[in-house]
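Close look at the chain arrangement
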Amino acid sequence: MTITKKTWELKDSIVLLRILIGWHFLYEGIIKLYNPDWTSYGYLASAQGPFKPIFMSLTNESMMGWVDGLNMAALIIVGLTLTLGFFEKTGAFIGMGLLALYYLAHPSFPWLAEVNVEGSYWFVNKNLIELVACLVLFQYPTAQYFGLARLFSNKKKTLKTATL
């Protein structure tokens, strides 16, 4: 199999995309973790669209600790898996789930007033774009080229070769 320059450029681009998205998730998770005043209450309480009742039910005082903790943990897990290139498909899948929730809490539908969001959008916003980018990362994993998965896969191959 001959690998063309175009293939290498595509692979390199997807590796860069994976690392940048991973960094974004990791940063968002850590910044929330170290901010004792952060809570997702405001974002959930101002939810709009057809799923508003579901998001409003998560603002219950007994639920907010769990919701905030799970959100931070998921952000950090996605960030670590994508940045380091280990279990990247799992990280991309969890990332898609988080981004779908963020999008559904504040969908950028033209008939809804945009509340508690950055910018002004019409159906497509940054959450939806990053969700599709995570879908690309899920379908085209690159950790075997650049990431911790490559280190571990090389050790296995070396051990097999050495024992023969």
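Throughout what follows, the structure given in this document is the object of discussion. The residue numbers shown here count from 1 along each chain, following its written sequence. Predicted model: local features are reported for residues with pLDDT of at least 70 only, side-chain atom pairs are reported and counted for 80 or more only, and whole-chain, interface and lining totals are derived from all residues. Just so you know, side-chain values use all the structure's heavy atoms and leave hydrogens and water out.

Observations regarding the nonpolar core
Counting 16 residues, the largest nonpolar core has Ile 21, Phe 25, Leu 82, Leu 98, Leu 99, Cys 134 and Leu 137 as the members making the most contacts within it. A run of H or I in DSSP counts as a helix once it spans at least four residues, and a run of E counts as a strand once it spans at least two, with each numbered from the N terminus. Those elements that place two or more of their residues in this core are α1 (5-33), α4 (61-84), α5 (88-105) and α6 (126-139). A per-element tally of this core places α5 first, with five residues. Here, residues are in contact when the closest pair of their heavy atoms is within 4.5 Å. Setting aside anything within four residues of it in sequence, one finds Leu 137 in contact with Ile 14, Leu 17, Arg 18, Ile 21, Leu 82 and Ala 92. Counting six residues, the second-largest nonpolar core is a separate cluster that includes Leu 44, Met 64, Val 67 and Ala 105. The set of buried Ala, Val, Leu, Ile, Met, Phe, Trp, Tyr and Cys residues whose side-chain atoms join them within 4.5 Å is what this entry labels a nonpolar core. Under the scheme applied here, a residue whose accessible area is under 20% of the maximum for its type counts as buried, over 50% as exposed, and between as partly exposed, the area being computed with a 1.4 Å probe on protein chains only.

Quick word on the environment of Leu 135
Within the secondary structure, Leu 135 sits in helix α6. On a C-alpha basis, the gap between Leu 135 and Gly 95 in space is 9.0 Å, while along the polypeptide they are 40 residues apart.

So, unusual backbone geometry
Although it is not a glycine, Phe 87 adopts a positive phi angle of roughly 55 degrees. One can find Phe 87 in the loop between α4 and α5. You can call Phe 87 exposed: its relative accessible area is 56%. Of note, Phe 123 is a non-glycine position whose phi angle comes to about 75 degrees, a positive value. Here Phe 123 lies in the loop between α5 and α6.

Structural notes on the environment of Gly 42
Its place among the elements puts Gly 42 in helix α2 (residues 41-45). Exposure remark for Gly 42: the relative accessible area of 36% places this residue in the partly exposed category. With 17 residues separating them along the chain, Gly 42 and Thr 59 place their C-alpha atoms 8.7 Å apart.

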